[in-house]
Amino acid sequence: MDTGLLFPGFGISHLFAALFFYIYFAYSLQVIATKTQTVNVWMAWIPILNLLLMVRICRLSGIALIPFFIPFINIIYAAYIWGEIAYAVNKSRWLGLVILVPILNLGLPGYLAFFEY
């Protein structure tokens, strides 16, 4: 049975939620890049290039993108990268582990972008 018949509007609501979180993540990453004086902040809005921007915020080379494309390693690597991003905005590197916690990980980019000590 088609789930669209059971839950009308189910696909549209998910589309809006995905769009909301994409805009939230991209804007947060753009603000973080601006805080760290990283060039080409517009890359936050383009898929794949936003990963390159994250690596640049950490002051790593472009070759540091490779682990993002290796299954299972990419999860641990994402925690490392977010820890380095947290350090770049003068917060604890341990915050990178928050990216591994479902639901909490949604708030990490906003926390790093918009909250100061």
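Residues numbered from 1 in each chain as written. Predicted model: local features only at pLDDT ≥ 70, side-chain atom pairs only at ≥ 80, totals over all residues. Heavy atoms only, no water.

Draft legend 1. A look at the side chain of N50. Checked against the element boundaries, N50 lands in helix α3 (residues 49–57). Excluding anything up to four places from it in sequence, N50 contacts F25, L29, M43 and A44. (Helix = DSSP H or I, 4+ residues; strand = E, 2+ residues; numbered from the N terminus. Contact = heavy atoms within 4.5 Å.)

Draft legend 2. Focus on the layout of surface pockets. In this structure, the largest pocket encloses a volume near 270 Å³. Taken together, F21, Y24, F25, N50, L51, M54, A78, W82, I99, N105, L106 and P109 form the lining of the largest pocket. Taken together, the residues that form the lining of the largest pocket break down as 10 nonpolar, two polar and no charged. (1 Å grid on protein atoms, 1.4 Å probe; cavity = no way out; pocket = protein on both sides within 12 Å on 5 of 7 lines; lining within 4 Å. Points joined across faces, edges and corners; volume = space filled by probe spheres on them. Nonpolar A, V, L, I, M, F, W, Y, C, P; charged D, E, K, R; others polar.)

Draft legend 3. Representation of the nonpolar core. Ranked by internal contacts, the top residues of the largest apolar core, which has 29 residues, are I32, M54, F68, I81, W82, I85 and L112. Among the elements that make up this core, the one with the highest residue count is helix α4 (residues 73–88) (seven residues). (Core = buried A, V, L, I, M, F, W, Y, C linked by side-chain atoms within 4.5 Å. Buried < 20%, exposed > 50% of the residue type's maximum accessible area, 1.4 Å probe, protein only.)

Draft legend 4. Structural view of the environment of F115. Looking at the secondary structure, you find F115 in the segment after α5 (108–114). Judged by its relative accessible area of 49%, F115 is partly exposed. In sequence terms F115 and N105 are 10 residues apart; their C-alpha atoms lie 15 Å from each other. Apart from residues no more than four positions distant in its own chain, F115 is found in contact with K35, K91 and G110.

Draft legend 5. Focus on α3. Most of α3 is tucked away, with seven of its nine residues classed as buried. Of all the positions in α3, only N50, L51, L52, L53, M54, V55 and I57 are classed as buried.

Draft legend 6. The pattern of salt bridges, seen in detail. Summed over the entire model, instances satisfying the criterion amount to two salt bridges. Note that E116 and K35 form a salt bridge whose closest N and O atoms lie 2.7 Å from each other. In this pair, E116 is assigned in the segment after α5 and K35 in helix α2 (residues 10–35), connecting sequence segments 81 residues apart. Taking relative accessible area as the criterion, K35 reaches 32% and is therefore assigned partly exposed. Close ionic contact of E84 with R93 constitutes a salt bridge, the shortest N to O distance being 2.9 Å. You can call R93 partly exposed: its relative accessible area is 42%. (Salt bridge = Lys/Arg side-chain N within 4 Å of Asp/Glu carboxyl O.)

Draft legend 7. Up close: the packing of aromatic side chains. A full pass over the atoms with the stated rule returns six aromatic pairs. When the ring of Y27 is compared with that of F114, the centres are 5.8 Å apart and the planes differ by 25°; the resulting orientation is stacked. On the criterion of sequence distance, the pair formed by Y27 in helix α2 and F114 in helix α5 is long-range, its members being 87 residues apart. F114 gets classed as partly exposed once you look at its relative accessible area, which sits at 41%. Taking 6.0 Å as the distance between ring centres and 35° as the angle between the ring planes, the aromatic pair formed by Y77 and Y80 counts as tilted. Here Y80 and Y77 lie together in helix α4, a separation of three residues that amounts to about one turn. (Phe/Tyr/Trp six-rings, centres within 6.5 Å; stacked < 30°, edge-to-face > 60°.)

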